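Letter by letter, the chains look like this.
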Amino acid sequence: MNNTLVLPEVSVILATFNRQNLVGRAIQSVLLQDFPGFELIVVDDGSTDQSAEVISALRLKDSRVNYIFQQNQGLASARNTGVAAAKGRYVTFLDSDDEYHGSHLRLRKEMLDANPQVMMLHGGVEVINGSSLVPDY
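The following refers to the structure shown. (Residues numbered from 1 in each chain as written. Predicted model: local features only at pLDDT ≥ 70, side-chain atom pairs only at ≥ 80, totals over all residues. Heavy atoms only, no water.)

## Examining the overall build of the protein
Here is step 1 of the chain: What the protein contains, in helices and strands, is 4 helices and 4 strands.
Here is step 2 of the chain: When its helices and strands are written in sequence order, the protein yields β-α-β-α-β-α-β-α.
Here is step 3 of the chain: Of all 137 residues assigned to the protein, the portion counted as buried reaches 33%.
Here is step 4 of the chain: Sequence separation of at least 24 residues holds for 77% of the intrachain contacts in the protein that already meet a minimum separation of 6.
Here is step 5 of the chain: For the protein, the computed accessible surface area is about 8800 Å², with 54% contributed by carbon and sulfur atoms. (Helix = DSSP H or I, 4+ residues; strand = E, 2+ residues; numbered from the N terminus. Buried < 20%, exposed > 50% of the residue type's maximum accessible area, 1.4 Å probe, protein only. Contact = heavy atoms within 4.5 Å. Areas by Shrake-Rupley, 256 points an atom, 1.4 Å probe, with all protein chains shown as cover.)

## Focus on the environment of Val 12
Here is step 1 of the chain: Topologically, Val 12 is positioned in strand β1 (residues 10-16).
Here is step 2 of the chain: Given the relative accessible area of 0%, Val 12 is considered buried.
Here is step 3 of the chain: For the pair Val 12 and Glu 39, spaced 27 residues apart in the sequence, the C-alpha separation amounts to 6.2 Å.
Here is step 4 of the chain: Every residue in contact with Val 12, bar those within four places of it in the chain, is listed here: Val 30, Glu 39, Leu 40, Ile 41, Thr 92, Leu 94, Tyr 100 and Leu 105.

## Structural notes on a nonpolar patch on the surface
Here is step 1 of the chain: On the surface, a nonpolar cluster with roughly 220 Å² of combined accessible area is contributed by Val 83, Val 91 and Phe 93.
Here is step 2 of the chain: Looking at where Phe 93 falls in the secondary structure, it is placed in strand β4 (residues 90-93). (Patch = residues over 30% accessible without salt bridge, like charges linked within 9 Å, V, L, I, M, F, W, Y side chains within 5 Å. Salt bridge = Lys/Arg side-chain N within 4 Å of Asp/Glu carboxyl O.)

## Overview of the pairing of strand β2 (residues 38-44)
Here is step 1 of the chain: Counted residue by residue, β2 has 7 buried out of 7 residues, so it is predominantly covered.
Here is step 2 of the chain: Covered by surrounding structure in β2 are Phe 38, Leu 40, Val 42 and Asp 44 together with Glu 39, Ile 41 and Val 43, the residues of both alternating faces.
Here is step 3 of the chain: As defined by bridge partners, β1 adjoins β2 across 7 bridges and the pair is classed as parallel. The residue bridging Thr 16 from the neighbouring strand is Asp 44, located in β2.
Here is step 4 of the chain: Read from β1 through helix α1 (residues 23-31) to β2, the crossover connection turns out right-handed.
Here is step 5 of the chain: Bridge count for β2 against strand β3 (residues 65-69) is 5 bridges, and the pairing is parallel. Looking at the pairing, Val 43 lines up with Ile 68 of β3.
Here is step 6 of the chain: Of the crossover connections in this fold, the one passing from β2 over helix α2 (residues 51-61) to the parallel β3 is right-handed. (Pairing = 2+ DSSP bridges. Right-handed = clockwise from strand over helix to strand, strands pointing away.)

## Let's talk about the side chain of Gln 33
Here is step 1 of the chain: Structurally, Gln 33 is set in the loop between α1 and β2.
Here is step 2 of the chain: At 2.9 Å, the side chain of Gln 33 and the backbone oxygen of Ser 29 are in polar contact.
Here is step 3 of the chain: Within the structure, Gln 33 has its side chain in polar contact with the backbone oxygen of His 101 (distance 2.8 Å).
Here is step 4 of the chain: For Gln 33, the residues in contact, after removing those within four places along its chain, are Phe 38, Tyr 100, His 101, Gly 102, Ser 103, His 104 and Leu 105. (Polar contact = N/O pair within 3.5 Å; in protein donor to acceptor, adjacent residues only side chain to side chain.)

Below you can see the structure in the form of structure tokens.
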């Protein structure tokens, strides 16, 4: 019997706060990736809505989903909590109101593996139901 622990290649950090209507879609977009070698660390930054129930239901369906609840400390703290728990070779972030395309993790991992001198990678953005990435003030 092989008891070797297999670590994930990619750790996805998803920080959320009171996004019960959106966080499920964000999580599903990670779970539907065509690259299975990831862990998803959802850090709930003190939500007071039903976010915990949504996250817990999805966590029960897939062991790659890890859930951490912390008192509200803000986005940077939640992301840092996620990074501290990460086990992957690569770390990436997904906001709880965003979604990944199905090949997102695989394509970025392939790019980083092929270019070891690259320390950070930022991909394209597709805006849905909006016309600009820059808000009008």
